[in-house]
Amino acid sequence: MVRDVFDEKQLSRLFGNLGIGHVRYPTAGSSSMSEAQPFYVNSPYGIAFAHNGNLTNARELREFLDKVAHRHINTDSDSELCLNILADNLQKTGKFRINEEDIFTAIRDLYQQCKGAYACVATIAGYGIIGFRDPHGIRPLVLGRRSTPAGNDYMLASESVVLDALGFTDVEDVQAGEAIIITRNKVSRRRLVEAENIAHCIFEYVYFARQDSIIDGISVYKARLSMGEALADQVVKSLGDAMDIDVVIPVPDTSRVAALQLSKKLNIDFREGFNKNRYVGRTFIMPGQHVRRKNVRRKLNAMTLEFNGKNVLLVDDSIVRGTTSKEIIQMARDAGAKKVYFASCAPAIRYPNVYGIDMPTRDELVAHGRDDVEIAQEIGADKVIFQDLHDLVESVRCFNPSIKTFDTSVFDCQYVTGDIDEEYLCHLEGVRNEGSKSKADSDSDCVGLHNNFVMQ
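Sequence order as written defines the numbering, with residues in each chain counted from 1. The predicted nature of this model means local features are confined to residues of pLDDT at least 70 and side-chain atom pairs, given and counted, to a pLDDT of 80 or more, with totals for whole chains, interfaces and linings taken over all residues. The side-chain numbers reported here are obtained from all heavy atoms of the structure, hydrogens and water having been left aside.

1. A word on the pairing of strand β6 (residues 151-157)
It is a general feature of regular strands that their side chains alternate between the two faces of the sheet.
Stage number 1. Relative to β6, strand β5 (residues 142-148) runs antiparallel, the two sharing seven bridges. Bridging from a neighbouring strand, V142 pairs with A157 of β6.
Stage number 2. Strand pairing requires that DSSP identify at least two bridges connecting the strands. The numbering of helices and of strands both runs from the N terminus, where a helix is a DSSP run of H or I of at least 4 residues and a strand a run of E of at least 2. With antiparallel pairing between neighbouring strands as the criterion, β5 and β6 make up a hairpin whose turn holds two residues.

As structure tokens, this is what we get:
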């Protein structure tokens, strides 16, 4: 994605020794260019800002910024709200030049104002780079250092693998409620709040993160191996004496590690039955059901020799909308499979995510309001097998026992921030469903400034 936008010629035109970038897709508002990050405000001090996550009190913040702070918001993005909260807090100093203590104070105040999930990086013109993570540590953020003849380089990123690829070492997680300030002369770190309910997002380990990343001291690769072990137990429990699986086939790429470990434990052949087209992106984040369905077959090709006349167990990281799963199962049948069992490394996703993952509306989740038999019927599988939630948590936590809980709200409806109710979910679904997004995206070339008259 990045290489399609930035080539060597473009990068060579970038001057200076500070910079931030962003590749996250929007989970609220629209996918229009006006919401592409980083965001920027020139007052005060020239701040560029990038944010991963989702603010759960965006409506209250928007009203505050309008009526109290008198700051104009140009988009529907909650990331722009977070930037302007930070800018307003810094502006309260009234100083010509701010210092380290002013920035820490501004971020500490932001922690009291902004609810939800947020891992943020920002540049302050002529001063340095800052990074901070929400008090619950829901979204990941890491810091790395690279030694050069001119001194040390520092980098903040969502995943450690980015730092590894660029030669950064001494990689550390930014702690929940911690802020970091990087200037020409030093790096300052400070834990600004002590959160009681630290809950890292478990879906990072299930799907989002690359397998060679380490997040909060846990190897994603090892966690997925452990998930495969636990899922094997669920397969045995589900099929029992009726176990008639001939071959285990992963759905590329995220589930491959878990499927390999599952096949080893069950002593069943592991085969690569799907060939992946590397030039089609992740269907999970593509806008619109029609686009996702169309791209599944472009993305994967079923090899008949691995399916024909066999009972197959397909292993995937999760089942969200069911769109991809249904197409994949049909592809397996078209390739000659006798039976198609479908195993998910994650439990059934029955509730919306409000912390920055694009699976928002309950009606769009295939597992919402359905039991396992009904889900299997909906996606066309002979049987569907889900991971047990407790087993999933332990599969990850066993590699860092100091972590007590994870955010598992999409499975159990327990939202760690404590501010999610039915009214909020209904509001969120109204602005995030496929119809609303399609309407908002229809004019994606428009800058999107809000210049309408305000109705009193």
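And the narrative resumes.
2. Details of the environment of I198
Stage number 1. Along the polypeptide, I198 turns up in the loop between β9 (187-191) and β10 (200-201).
Stage number 2. C-alpha separation for the pair I198 and I403, spaced 205 residues apart in sequence, amounts to 8.1 Å.
Stage number 3. Here, two residues are considered to be in contact whenever any of their heavy atoms come within 4.5 Å of each other. Ignoring any residue separated from it by four or fewer positions in sequence, one finds I198 in contact with P135, H136, A176, R191 and T405.

3. A few points about the packing of helix α8 (residues 220-239) against helix α14 (residues 389-397)
Stage number 1. The contact between α8 and α14 brings their axes to 8 Å, and the two run at 150 degrees. The pairing of α8 with α14 is recorded here as roughly antiparallel in orientation. The chirality of how α8 crosses α14 is right-handed. Judged by residue contacts, A223, S226, M227, A230 and Q234 of α8 engage D391, L392, S395 and V396 from α14.
Stage number 2. Note on residue classes: Ala, Val, Leu, Ile, Met, Phe, Trp, Tyr, Cys and Pro are nonpolar, Asp, Glu, Lys and Arg are charged, and everything else, Gly too, is polar. Class assignment of the residues belonging to the contact of α8 with α14 gives a composition of five nonpolar, three polar and one charged. Axis lines are fitted through C-alpha atoms, for helices just across the contact stretch, and the angle between N-to-C directions can take any value from 0 to 180 degrees. Convention used here: angles under 35 degrees read as roughly parallel, angles over 145 as roughly antiparallel, angles from 65 to 115 as roughly perpendicular, and any remaining angle as oblique. Crossing handedness is read from the near helix: turned anticlockwise from the far helix by less than a right angle, it gives a left-handed crossing, and turned clockwise, a right-handed one.

4. A closer look at unusual backbone geometry
Negative phi characterises most residues that are not glycine, and trans characterises most peptide bonds.
Stage number 1. Cis geometry marks the peptide bond from Q37 to P38, where omega comes out at 5 degrees.
Stage number 2. Here P38 shows up in the loop between α2 (8-12) and β1 (39-41).
Stage number 3. The residue after S43, namely P44, is reached through a cis peptide bond having omega 0 degrees.
Stage number 4. Tracing the sequence through the fold places P44 in the loop between β1 and β2 (47-55).
Stage number 5. For H70, which is not a glycine, the phi torsion comes out positive at approximately 55 degrees.
Stage number 6. Within the secondary structure, H70 is located in the loop between α3 (58-67) and α4 (78-91).
Stage number 7. For every residue, the accessible area obtained with a 1.4 Å probe (protein chains only) is divided by the maximum for its type, and the residue is called buried under 20%, exposed over 50%, and partly exposed between those limits. Overall, the relative accessible area of 62% leaves H70 in the exposed class.
Stage number 8. The backbone of D170 sits at a positive phi, close to 50 degrees, despite the residue not being glycine.
Stage number 9. Structurally, D170 is set in strand β7 (residues 169-173).

5. Notes on the sheet that holds β5
Stage number 1. Strand order in the open sheet formed by three strands is β6-β5-β7, and the pairing between neighbours is antiparallel. Across the chains shown, the open sheet's two edge strands, defined by having one partner strand only, are β6 and β7. In this sheet, adjacent strand axes meet at a mean angle of 20 degrees when their direction is disregarded.

6. Quick look at the sheet that holds strand β13 (residues 247-250)
Stage number 1. Taken in spatial order, the four strands make up an open sheet running β13-β16-β17-β18, and their pairing is parallel. The two strands at the open ends of the sheet, each matched to only one other strand, are β13 and β18 (383-386). Averaged over neighbouring strand pairs, the angle between their axes works out to 25 degrees when direction is ignored.
Stage number 2. Relative to β18, strand β17 (residues 339-344) runs parallel, the two sharing four bridges. Note on β18: the bridge partner recorded for A343 is I385.
Stage number 3. Across the sheet, helix α12 (residues 323-334) lies against β16 (311-316) and β17, angled at about 150 degrees from β17, the strand it touches most.

7. Examining the nonpolar core
Stage number 1. The definition of a nonpolar core used throughout is a set of buried Ala, Val, Leu, Ile, Met, Phe, Trp, Tyr and Cys residues joined through side-chain atoms within 4.5 Å. Membership of the largest hydrophobic core comes to 37 residues, with the highest contact counts inside it found for F203 and Y205.
Stage number 2. Among the elements of the structure, α7 (203-208), α8, α14, α15 (409-412) and α16 (422-432) are those that each provide at least two residues to this core.
Stage number 3. In terms of residues, this core owes the most to one element, α7, which gives five residues.
Stage number 4. Residues in contact with F203, not counting those within four places in the same chain, are F208, S318, I349, I357, M359 and F411.

8. Here's the deal with the pattern of salt bridges
If the charged atoms of two oppositely charged side chains come close together, the side chains can form a pair.
Stage number 1. Any carboxyl oxygen of Asp or Glu within 4 Å of a side-chain nitrogen of Lys or Arg constitutes a salt bridge here. Enumeration over the complete set of coordinates arrives at 27 salt bridges.
Stage number 2. E429 serves as the salt-bridge partner of R362, at 2.7 Å between the closest nitrogen and oxygen. One end of the pair, R362, is in the loop between β17 and α13 (372-379); the other, E429, is in helix α16, with 67 residues separating them in the sequence.
Stage number 3. Owing to a relative accessible area of 15%, E429 belongs among the buried residues under this scheme.

9. Description of the side chain of Q113
Stage number 1. Relative to the assigned elements, Q113 resides in helix α5 (residues 100-113).
Stage number 2. If we skip the residues at most four places from it in the chain, Q113 touches N57, L61, F64, I85 and N89.

10. Thoughts on α12
Stage number 1. Here a helix's expected span is defined as the number of its residues, less one, multiplied by 1.5 Å. Over its twelve residues, α12 runs 17 Å from end to end, which matches the ideal 16 Å to within 8%, given 1.5 Å per residue.
Stage number 2. Listed in full, the buried residues belonging to α12 are T323, S325, E327, I328, I329, M331 and A332.
Stage number 3. G336 lies just past α12 and shows a positive phi near 105 degrees.

11. Considerations on α13
Stage number 1. Within the span of α13, buried status applies to I375, A376 and I379. Buried residues of α13, viewed axially, fall in a sector of 100 degrees; they line one side. Relative to its buried face, α13 has exposed residues pointing more than 90 degrees away, namely V373 and Q377.
Stage number 2. Tucked into the core, α13 has its buried residues touching α12 and β18.
Stage number 3. In protein, a polar contact means a hydrogen-donor-capable atom and an acceptor-capable atom, both N or O and within 3.5 Å, with residues adjacent in sequence counting only if both atoms are side-chain atoms; elsewhere, any N or O pair within 3.5 Å suffices. Where α13 begins, the side chain of D371 points an oxygen toward the backbone nitrogen of V373, at a separation of 3.2 Å.
Stage number 4. Phi for G380, located one or two positions after α13, is positive at around 85 degrees. Here, the arc refers to the directions that run from the helix axis to the C-beta atoms.

12. Side note on a nonpolar patch on the surface
Stage number 1. The patches described consist of residues with a relative accessible area above 30% and no salt bridge, like charges being joined within 9 Å and nonpolar side chains (Val, Leu, Ile, Met, Phe, Trp, Tyr) within 5 Å. Using a 1.4 Å probe, accessible areas were evaluated by the Shrake-Rupley method; residue-level cover was limited to the displayed protein chains. On the surface, V2, V5, F6, L11, L14 and V23 cluster together into a nonpolar patch covering about 550 Å² of accessible area.
Stage number 2. Relative to the helices and strands, L14 resides in the loop between α2 and β1.
Stage number 3. Judged by relative accessible area, L14 falls into the exposed class, the value being 56%.

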